[in-house]
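Residue-level listing of the chains:
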Amino acid sequence: MTALAVPARPVQDASLRPVPWRRMAWVTWRQHRFALTGVATLLGVLAVCLWIVGLQLHHAYAAALACHRSGSIACEGLIGNFNGMNKVLSNGSVLQAVPALIGAFVGAPVLARELETGTFRFAWTQGFGRWRWTLAKLVALAVVVVAAAGALSVLISWYYQPYFAAGNETLSLSEVSPFAAGLFDLRGVALAAWTLAAFAIGALAGTLIRRVVPAIIVTLAVYAGLALAAGIFLRKHYLTPLVTSKLNLPETAWITSQWGTKGGKFAFAGRAPINLLEQFCPPSAVGPGKPSEATFARCLGHHGYTLWTSYQPASRFWPFQWIEGGWLLALSLLLIATTVLLVHRRGT
Amino acid sequence: MNVVEASGLGKRYGGTWALRECSLAIPAGHVVALVGPNGAGKSTLLNLAVGLAAPSAGAVTVLDGRPPGSPDALDGIAFVAQDTPLYKNLSAADMLHLTRNLNRRFDQASAEARLGELGIPLKQKAGKMSGGQQAQLALTLALARRPRLLVLDEPMAMLDPLARHDFMAAVLTAAAEDGVSVLLSSHVLAELERVADYLVLMSRGRVQVAGEVDDLLASHRILTGPAAEASKCADRPVVYVRRAEVQAHLLVRATADDPIPPGWEAHPVGLEELALAYLREPGAAALPGPARGRDAEPSEVTK
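For clarity, every value in this text was computed on a predicted model and none was experimentally measured.

What counts, and at which threshold
Residues numbered from 1 in each chain as written. Chains lettered and ligands numbered in written order. Predicted model: local features only at pLDDT ≥ 70, side-chain atom pairs only at ≥ 80, totals over all residues. Heavy atoms only, no water. Helix = DSSP H or I, 4+ residues; strand = E, 2+ residues; numbered from the N terminus. Rg over C-alpha atoms; globule rule 2.2 N^0.38 Å. Buried < 20%, exposed > 50% of the residue type's maximum accessible area, 1.4 Å probe, protein only. Contact = heavy atoms within 4.5 Å. Buried area = accessible area lost by both parts, 1.4 Å probe. Salt bridge = Lys/Arg side-chain N within 4 Å of Asp/Glu carboxyl O. Polar contact = N/O pair within 3.5 Å; in protein donor to acceptor, adjacent residues only side chain to side chain. Patch = residues over 30% accessible without salt bridge, like charges linked within 9 Å, V, L, I, M, F, W, Y side chains within 5 Å. Areas by Shrake-Rupley, 256 points an atom, 1.4 Å probe, with all protein chains shown as cover. pLDDT = per-residue confidence, 0-100. Disulfide = S-S within 2.5 Å. Pairing = 2+ DSSP bridges. Axes fitted to C-alpha atoms, helices over the stretch in contact; angles between N-to-C directions. Parallel < 35°, antiparallel > 145°, perpendicular 65-115°, else oblique. Nonpolar A, V, L, I, M, F, W, Y, C, P; charged D, E, K, R; others polar.

(A) Region of the structure containing the overall build of chain B. Assigned secondary structure in chain B consists of 9 helices and 14 strands. Taking 2.2 N^0.38 as the reference for a compact globule, 303 residues should give roughly 19 Å; the C-alpha atoms of chain B span a radius of gyration of 21 Å, in line with that estimate. With the principal axes as the frame, chain B shows a C-alpha extent of 70 × 40 × 35 Å. Counting across all 303 residues of chain B, residues that qualify as buried make up 55%. Pairs at least 24 residues apart make up 67% of the contacts formed inside chain B by residues separated by at least 6 positions.

Okay, here's the thing in structure tokens:
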């Protein structure tokens, strides 16, 4: 047999320093390199696609801007070309899947796989200590996926830049609200924050469910629910909306609600009802052609009605980004802390 | 020094007590066999001792009063869990590297030498190894941590006889050469009879017998005599009665110096016989200090 004898056993004492944190870096990489390679591949492919299409998009934009004799057929063609490219990537909804996939395939298995295969009984009885092991792994992986998502969102911001340029509207070029559903959470700090949240949801789901596949499914479902709820219900309330009776709001403003008043009293919610328009603004009153909303509004104005609009101006993009990033960061920290605490306390 | 000390220790899963009222003090320097039928609470006790589970009642300490799962306890105890869980997609070399990173001490050279002797290639993935090789790899990782206490949960359940022999040889070498205390569980006493010098016998979530094997053997005798006179021996604690046609065999707590009733013969008892007798009689107990059940009325088991 192997001689395992050593001259002297190291002195055991209560003040021995713990195993250094940095030792977990290799462990984490070795155990999660396939997931991390997968993330790198996914984001790499997306980045190359964005880069190639983005270059064409920027060229198309430059060409449309530079076109003289606006209104000529040639210029219309260039403008149409640029506007049509908006449809690539379905206005960004394809990219919505990125945080969800990272959360599900990197976050969920971190603990679920250990618990499912029983290897936690190996990992948690090593000298490193189980809550330190959990914290080190989660933090290391979170930093990596957040950095990767952050890098991707820089590229996405560059890609969509032409659509957010001021003055597009006057040149009849597509201009998109920075709050547009499916785009807001791809730019700024939101993509990285959502990725962190998805990762944290995955880690906690894996700890609670203890099986990889169900944990992945639950992570996807919870993430989708949260992202939808945030987009539909939450985001427009981040700051108190501005209210105006002006009729020519820029297209980039995010209109949250509209209503009408007459003599200081509430008259109708949303758009003017048909019967009101038929009564006061028949075609004879507003003139020939298809009347616009502004035309109707002006017409109703002559009869004592005021149209009010509450909206979030495009200038609030960054405050909104920080608010969304802030609460997602807080949520993620809470979920990760809960996960570490559960592991620390868990009786198997 | 006691490697494991429990008082009133209990663990409940849902409404079921997997372990209850367990009081125990296992001294250092032994190879301890933790034996009992499946479901007796062996794994539960071991999980509590290595800090993987938290007690529902009572308390347990390890390595001289340290709480299980504390940094010092983790540092001094190497645990090989049931079915030797390893990362299946990692190679032997990776498992060594990983374990080295997760511990203060790791004897890389001896671990590599051991794997070399066992013929386990360093590049072999753990998932591609035989059950015996996986168990040996897990043991190698545990020993390379230079623990003071080695805890093995059903280590030989998946091994063939040759692999069992090699595995036990490695454990005993570590115990003999490095003075590692060993605590290993099995539901088959025969596996451990030749190697263990301390026995903890469990059944139905309780510790029934705990003591050094030599002491246990010295304090029990088998008495053989006429079946009709079996009650004559009732003045000493009887663990178990086996009655054949005319003869009765009694396992009693008695030393070789104790007087024998006339017409009866006394024999020393084997460890397996002793363990089986206690397991058949869950009310009986042989524990250090006062223990309940010692004077329990033995039921008769006829064959």
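Text resumes after the structure shown.
(B) Region of the structure containing the interface of chain B and chain A. Contacts between chain B and chain A engage 47 residues on the former and 41 residues on the latter. Looking only at chain B, the three residues that lose the most surface to chain A are B:L52, B:Y87 and B:L102, adding up to 19% of its buried area. Summed over the shared surface of chain B and chain A, the result is 1 salt bridge. In this structure, the salt-bridge partner of B:D94 is A:R30, at a minimum N-O distance of 2.3 Å. Joining chain B to chain A, the criterion identifies 13 residue pairs in polar contact (both at pLDDT 80 or more). Elements that contribute at least two residues to the side of chain B that touches chain A include exactly helix 1 (42-50), helix 2 (71-76), strand 5 (77-80), helix 3 (92-101), helix 4 (108-118), helix 5 (131-144) and helix 6 (161-178) of chain B. When residues of the side of chain B that touches chain A are assigned to their parent elements, the largest contribution, 7 residues, is made by helix 3 of chain B.

(C) Up close: a nonpolar patch on the surface. Residues and elements named next belong to chain A. Together, L42, L101, F105 and L220 give the surface a local cluster of nonpolar side chains, amounting to about 310 Å² of exposed area. In this fold, L101 is placed in helix 3 (residues 97-107). A residue is classified by how much of its surface remains accessible, and L101, at 32% relative accessible area, is partly exposed.

(D) Inspection of the confidence of the model for chain A at higher detail. Residues and elements named next belong to chain A. Predicted confidence across chain A gives a mean pLDDT of 87, with 91% of residues reaching 70 or more. The least confident element of chain A is helix 10 (residues 283-286), whose mean pLDDT is 71; the most confident is helix 7 (residues 190-209), at 97. Across residues 1-11, where pLDDT falls below 50, the model places 29 contacts with residues more than four positions away in sequence or in other chains.

(E) Local environment of the state of the cysteines. Residues and elements named next belong to chain A. For the structure shown, the criterion picks out 2 disulfides over all chains. At a sulfur-sulfur separation of 1.8 Å, the disulfide partner of C67 is C75. Across the disulfide from C67 to C75, rotation about the S-S bond amounts to roughly -90°, and the bridge is consequently left-handed. For the residue pair C67 and C75, the accessibility class agrees, reading buried in each case. Paired through a disulfide, C281 and C299 show a sulfur-sulfur distance of 1.9 Å. For the disulfide bridge between C281 and C299, the dihedral angle about the S-S bond is near -100°, and by the sign convention the bridge is left-handed. On the criterion of sequence distance, the pair formed by C281 in the loop between helix 9 (274-280) and helix 10 and C299 in helix 11 (residues 293-302) is long-range, its members being 18 residues apart. Each of the two residues, C281 as well as C299, counts as buried.

(F) Expanded view of the sheet that holds strand 4 (residues 305-312) of chain A. Residues and elements named next belong to chain A. Sheet architecture is open: 4 strands sit in the order 1-4-2-3, paired in antiparallel fashion. Since the sheet does not close on itself, it has two edges, and those belong to strand 1 (242-244) and strand 3 (265-269), each with one partner. Strand-to-strand twist of the sheet, defined as the mean angle between neighbouring strand axes without regard to direction, takes the value 30°. Inspection of the sheet shows strand 2 (residues 254-262) paired to strand 4 by 8 bridges, in the antiparallel sense. In the strand pairing of strand 4, I255 is matched with Y311.

(G) The arrangement of the packing of helix 4 (residues 109-117) of chain A against helix 6 (residues 130-164) of chain A in detail. Residue and element names in this part refer to chain A. In contact at an axis separation of 11 Å, helix 4 and helix 6 are set at 140° when each is read in the N-to-C sense. With respect to their mutual orientation, helix 4 and helix 6 come out oblique. Here helix 4 contributes V110, L111 and E114 to the contact with helix 6, which in turn contributes W133, T134, K137, L138 and L141. Here the residues of the contact of helix 4 with helix 6 are counted per class, giving 5 nonpolar, 1 polar and 2 charged.

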